[in-house]
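Residue-level structural notes
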Amino acid sequence: MSRVFLAAEAGQPASAVVRQARIQAESSAWARPTLRAHEGRVSRTMLEAAGTAVATAVGAPGARVVFYPSLVSALTAAVAQLGRSDLGAVTSVVDRRAVLDAVRRQTSTTDRESPPSAPRQVGVDRLGRIRLDELAAMLADGHVGLVVSAVGNPEVGTTQPLQQIRQLCRAHDVPLLVDASMAGGRMELPADWDALVLDAASWAGGNAAAVVVRPGVRWRDEPSAELAALPLGAPSVADCAAAALGLEAAVADLPAHAEHDRRLIESLREGLADVADVVVHGDTERRLPHVVGFSVLYVDAEAMLVELDRKGIAVASGSACAVESGQPSHVLAAIGTLTSGNLRVTLPLTAQRSDIDALLAELPPLVAQLRAEVGL
Amino acid sequence: MSGADAELDYRGQRCPAPIVALGRASRSTPGAVVELLADDPAAEFDVPAWCRLRGATLLSAIEAGGADTATWRVFVIRLPEA
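Now for a description of the structure that goes with this document. Bear in mind that the values here come from a model prediction, so they are computed numbers and not experimental data.

Facing 17 residues of chain B, the contacting portion of chain A comprises 21 residues. Between chain B and chain A the total buried area reaches about 1700 Å² when both faces are included, carbon and sulfur atoms providing 62% of it. Inspection of the chain B/chain A interface yields two salt bridges. For Asp-277 of chain A, the salt bridge is made with Arg-54 of chain B, and the minimal N-O distance between the two is 2.9 Å. Across the chain B-chain A interface, the total number found is seven residue pairs in polar contact (both at pLDDT 80 or more). Listing elements by their share of the side of chain B that touches chain A, those giving two or more residues are α1 (17-28) and α2 (43-54) of chain B. Broken down by element, the residue count for the side of chain B that touches chain A peaks at seven residues, all from α2 of chain B. Classifying every residue of the side of chain B that touches chain A by side-chain character gives ten nonpolar, one polar and six charged.

Below, the structure written as structure tokens:
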């Protein structure tokens, strides 16, 4: 039985292009790039080429690219090395857990005389879009060292008004870090950022993450004491080279591939609208092309996950009963919608219409059956 | 009881049991006022969201229980008319 995989935020297999590139790169660039010898220079040259390719692919030729072995390490470094370290960072209430954790870590792991002010979070509307008036008020208050925003929300898809956010940041001379960990390689990225975080997983690029820093934006090279204490690790040069090649390939397929994803999610949203008492979250238009979240009234999310998996379909959930923490999704809570019965679809790079058709065929009878079991 | 027509005690039951109870009650006793007790962490968000979706009125929502005991929430809700 072939599987229908619609949970790409949990990972997706590296594409053939990426696997091939990694095997080739491993045969020549296996030495530590800081080694002062021929073998080290070979690695260094390949790493620099990968950085140049990534900067160009995100529309910022000449920008500096720093690679990390994981999204968490890239976010941790970006939050610690951008902006003013003596001031706190501002995020939104719906940023992904890794972003909120990185900001909290920067605030708490400090031995400075006066630690930066506590992290502050901007509220969102019912679609999950940042309230610009709240952000403006926080910036006007001062004491903001960095603003962090996602391109789009990983749970409900809604994109953020980055152009307006950046205007506000510029007016207060605060850098804007944009989390493109879901969007990289999947849509044409907006240009409204000072630094960008990418996760190769979003374009089936294997295990690597990167921070892209525009020329002229302050990036503290000397890691701060608290950052040096964290085991960020170094990525393998071959992984970086392969991820860069994967990004180039994904970007070459844009905007057609993003339109393909957009249509698939649109037909899923339309199909879900025909199922009674299903709330589809987020903005219908201004959204990530490949993401949708919805909540099914009166149904246990875990039961749906188990039954769909049995039928060969993998999706994810933000409901309390379906996650390790036992806490409902902070995103769904913030937008004031049902946190129970939640399912989340993230298309892998290889998603086809038949995957959506399979979900739309299996879900309505399953929902009806589970509701009948509780007398509704 | 705060003048409610019925009490629904769903302490100890996980999501979505409390709102399933509300769904059933609005079928059997539309327009009634019910008091719902729930300690599932999702209830804080799901009960108000259910009220909005269903056109029910959330009359009050308070946290109950003490320092020595677990806490729960007490919701008083006017169910939608049929």
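The next thing to look at is the nonpolar core. All names here are of chain A. Of all hydrophobic cores here, the largest spans 44 residues; its most connected members are Val-147, Leu-198 and Val-212. The residues contacting Val-147, other than those within four sequence positions of it, are Val-90, Leu-135, Leu-139, Ile-165, Cys-169, Val-174, Pro-175, Leu-176 and Leu-177. The next biggest cluster of nonpolar side chains, apart from the first, holds 27 residues, and it includes Leu-272, Phe-294, Ile-313 and Leu-347.

Residues and elements named next belong to chain A. The buried count for strand β8 (residues 209-213) comes to five of five residues, which makes it a mostly enclosed element. Burial along β8 is two-sided: Ala-209, Val-211 and Val-213 facing one way and Ala-210 and Val-212 facing the other are all buried. Summarising the sheet, strand β7 (residues 195-199) and β8 pair through five bridges and their orientation is antiparallel. Opposite Ala-195, over in β8, you have Val-213 as the bridge partner.

Calculation rules
- Residues numbered from 1 in each chain as written.
- Chains lettered and ligands numbered in written order.
- Predicted model: local features only at pLDDT ≥ 70, side-chain atom pairs only at ≥ 80, totals over all residues.
- Heavy atoms only, no water.
- Contact = heavy atoms within 4.5 Å.
- Buried area = accessible area lost by both parts, 1.4 Å probe.
- Salt bridge = Lys/Arg side-chain N within 4 Å of Asp/Glu carboxyl O.
- Polar contact = N/O pair within 3.5 Å; in protein donor to acceptor, adjacent residues only side chain to side chain.
- Helix = DSSP H or I, 4+ residues; strand = E, 2+ residues; numbered from the N terminus.
- Nonpolar A, V, L, I, M, F, W, Y, C, P; charged D, E, K, R; others polar.
- Core = buried A, V, L, I, M, F, W, Y, C linked by side-chain atoms within 4.5 Å.
- Buried < 20%, exposed > 50% of the residue type's maximum accessible area, 1.4 Å probe, protein only.
- Pairing = 2+ DSSP bridges.

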